[in-house]
Amino acid sequence: MTTVLRASPRRFVSTPPVERLARRALRYLQSGFSVHLRGPAGTGKTTLALHLADLLARPMMLIYGDDESRSSDLIGAQSGYTRKKVVDNFIHSVVKVEDELKHNWVDSRLTMACREGFTLVYDEFNRSRPEVNNVLLSALEEKLLVLPPTSNQTEYVRVNSNFRAILTSNSEEYCGVHGTQDALMDRLVTIIMPEPDELTQQEILIQKTSLDRASASLIVQLVSTFRTQSGLVKSSGLRSSVVIAKVCQEHNILVSPDDTDFREICSDVLLSRSGLPFHKATELLWQLISALKTNESAEQANENAKSNIPSVAIEALTDKTEIDFEEITESKQIESFRQESNVERSIELTLNEQLSELLKEIPTTQDESQEGDFQNSEEQRIYQYLTHTDGAGLSDLESEFSMSRTQVLDTIRSMTRSGQVTHRDRKFFAVVRSEVKA
Ligand SMILES: Nc1ncnc2c1ncn2[C@@H]1O[C@H](COP(=O)(O)OP(=O)(O)OP(=O)(O)O)[C@@H](O)[C@H]1O
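Residues numbered from 1 in each chain as written. Predicted model: local features only at pLDDT ≥ 70, side-chain atom pairs only at ≥ 80, totals over all residues. Heavy atoms only, no water.

### Some words on helix α18 (residues 405-417)
Here is step 1: For α18, spanning 13 residues, the distance from its first C-alpha to its last is 18 Å, which sits close to the expected 18 Å at 1.5 Å a residue.
Here is step 2: Of all the residues in α18, the buried ones are Arg405, Thr406, Val408, Leu409, Thr411, Ile412, Met415 and Thr416.
Here is step 3: Where α18 ends, the next residue or the one after it, Gly419, has phi of about 75 degrees, a positive value. (Helix = DSSP H or I, 4+ residues; strand = E, 2+ residues; numbered from the N terminus. Expected span 1.5 Å × (residues − 1). Buried < 20%, exposed > 50% of the residue type's maximum accessible area, 1.4 Å probe, protein only.)

If you want it as structure tokens, here you go:
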């Protein structure tokens, strides 16, 4: 029996970059084209494909590519027989027997999706051999699905106009992946899925595990730095981050470089995924964790600290991309100079970096205030709040309006551009019309 699914990905995280990607893909789907999401492992292709299927609001058929798949797994096959026997004994001296044996044809998912106008999500389609996917060619272009000739069914299925295919794949250098025929690529709109940005990864961690933002940020930073430095570019760090976050959250393990359990989890999850020899990967991870422990904001690296720490160690703290494996002995000394964990400060640094990025984008002199021209109710509420306070930071706005960091950043960015808000010393202030004029 072929099962029809209703796509409803749980807790889909939609930050502005994800939203943009989804909008792009949806545009093609709405115009009748099929879409192919391609990218490294763990970048969220399957999740986005299911989200798009959800947005199309049609029943969904899900297929996974497999080297062992055959065309019949896509279109269907003969399955069993129906036997019909008619015994006619109307005249008691005459017995007429008619015996008929018929093959049964069972539609598979592609055929059903084409017939009924469902959405087909074909995950990792290039793990199936290319010739298996040939049946898609006419379905996508001529809108005709060709079935093998049998006595009891039509050989052509006209593709329903609501039919859409969303395919996902890893690049061809991945193990177990086949090349894709040009003809199929030509019929699809291929969107390259990048590694999700750090903010998106943080949001995903928070929503999937209910971890606090500081811990999520620390995990994402650690995994991302480890991947970059160990030359692991083939896959995204998102899955590793999710595993670390989930285990820590479910087992009440403190997300801190000082916590032995946390360090062990990071080793288990990250070391086997690194492209480096095991001992080098271990050294690198150890150094990164040590650097996390002692990571202070650049401004805060005061002279006092500098005089106590060997210069090579300071480099490790401030330029994490250049850590040399041989410098591990010096890095060890860092620990003895720092008694308390500075994780909080390193997290603050990350948030400050985001803020600095935002502030860089925003000119300090604003155009005339557009007070009243609010894009949405959030802007209006934030504006009113700022007019009654002595400025507010991002965290204040986050907690006051129960908004995510991304939402606050977006709203403030938009308000600053339209001159409703200005900033000073990392705080935001409402611009009153008269103030601007003056
Ligand atoms: N927008 C998102 N919202 C919520 N979770 C997400 C999102 N994007 C990715 N994830 C999570 O990240 C992990 C990896 O995502 P997913 O399986 O979709 O990646 P993929 O690119 O299809 O990977 P692969 O190529 O290995 O199949 C999953 O745990 C998924 O739930």
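### Considerations on unusual backbone geometry
The bulk of non-glycine residues show a negative phi, and the bulk of peptide bonds are trans.
Here is step 1: With a phi angle near 55 degrees, Ala57 is a residue other than glycine that sits in the positive phi range.
Here is step 2: With respect to the helices and strands, the residue Ala57 is situated in the loop between α2 (45-56) and β2 (60-64).
Here is step 3: A residue is classified by how much of its surface remains accessible, and Ala57, at 53% relative accessible area, is exposed.
Here is step 4: With a phi angle near 50 degrees, Glu124 is a residue other than glycine that sits in the positive phi range.
Here is step 5: Locating Glu124 in the fold gives a position in the loop between β5 (119-123) and α5 (135-141).

### Some words on the sheet that holds strand β1 (residues 34-38)
Here is step 1: Spatially, the 5 strands line up as an open sheet ordered β2-β5-β8-β1-β9, and their pairing is parallel. With one partner strand each, in any of the chains shown, β2 and β9 (188-192) form the two edges of the open sheet. Neighbour-to-neighbour, the strand axes of this sheet turn through a mean angle of 20 degrees, independent of strand direction.
Here is step 2: Relative to β5, β2 runs parallel, the two sharing 5 bridges. In the strand pairing of β5, Met60 is matched with Thr119.
Here is step 3: Here α2 sits on the sheet and contacts β1, β2, β5 and β8 (164-169); the angle it forms with β8, its principal contact strand, is near 170 degrees.
Here is step 4: Sheet strands in contact with helix α4 (residues 109-116) are β2 and β5, and its direction is about 155 degrees off that of β2. (Pairing = 2+ DSSP bridges. Axes fitted to C-alpha atoms, helices over the stretch in contact; angles between N-to-C directions. Contact = heavy atoms within 4.5 Å.)

### Thoughts on the pattern of salt bridges
Note on pairing: side chains with opposite charge can pair once their charged atoms come close.
Here is step 1: Tallying each qualifying case throughout the model produces 8 salt bridges.
Here is step 2: The salt bridge partner of Glu398 is Arg213, with a shortest N-O separation of 3.7 Å. On the criterion of sequence distance, the pair formed by Glu398 in helix α17 (residues 394-401) and Arg213 in helix α8 (residues 213-229) is long-range, its members being 185 residues apart.
Here is step 3: Assessed through its relative accessible area of 15%, Glu398 is described here as buried.
Here is step 4: Classification of Arg213 as buried rests on a relative accessible area of 16%.
Here is step 5: One salt-bridge network, held together by shared partners, links Glu203, Arg213 and Glu398. (Salt bridge = Lys/Arg side-chain N within 4 Å of Asp/Glu carboxyl O.)

### Quick notes on the layout of surface pockets
If a probe the size of a water molecule is rolled over the atoms, the empty space left behind becomes visible.
Here is step 1: As a volume, the largest pocket reaches approximately 940 Å³.
Here is step 2: In terms of lining residues, the largest pocket is bounded by 34 residues, among which Thr43, Gly44, Thr47, Ile204 and Leu238 are the most central.
Here is step 3: Elements that contribute at least two residues to the lining of the largest pocket include exactly α1 (16-30), α2, α7 (198-209) and α9 (238-250).
Here is step 4: Classifying every residue of the lining of the largest pocket by side-chain character gives 15 nonpolar, 8 polar and 11 charged. (1 Å grid on protein atoms, 1.4 Å probe; cavity = no way out; pocket = protein on both sides within 12 Å on 5 of 7 lines; lining within 4 Å. Points joined across faces, edges and corners; volume = space filled by probe spheres on them. Nonpolar A, V, L, I, M, F, W, Y, C, P; charged D, E, K, R; others polar.)

### Quick look at a positive patch on the surface
Here is step 1: A cluster of basic residues, Arg20, Arg23, Arg24 and Arg27, forms a positive patch at the surface.
Here is step 2: Mapping Arg23 onto the fold places it in helix α1.
Here is step 3: Given the relative accessible area of 46%, Arg23 is considered partly exposed. (Patch = residues over 30% accessible without salt bridge, like charges linked within 9 Å, V, L, I, M, F, W, Y side chains within 5 Å. Areas by Shrake-Rupley, 256 points an atom, 1.4 Å probe, with all protein chains shown as cover. Lys, Arg positive; Asp, Glu negative; His and termini not counted. Charge placed at Lys NZ, Arg CZ, Asp CG, Glu CD.)

### What to know about the side chain of Arg164
Here is step 1: Structurally, Arg164 is set in strand β8.
Here is step 2: For the buried residue Arg164, which engages in no salt bridge, the nearest side chain bearing the opposite charge is Glu141, 13 Å off.
Here is step 3: For Arg164, the residues in contact, after removing those within four places along its chain, are Leu29, Gln30, Gly32, Phe33, Ser34, Leu56, Phe118, Thr119 and Leu120.

### A short note on the state of the cysteines
Here is step 1: Applying the stated rule across the entire model yields 0 disulfides.
Here is step 2: Counting only cysteine sulfurs, Cys266 is the nearest neighbor of Cys248, a cysteine outside any disulfide, at a range of 6.6 Å. (Disulfide = S-S within 2.5 Å.)

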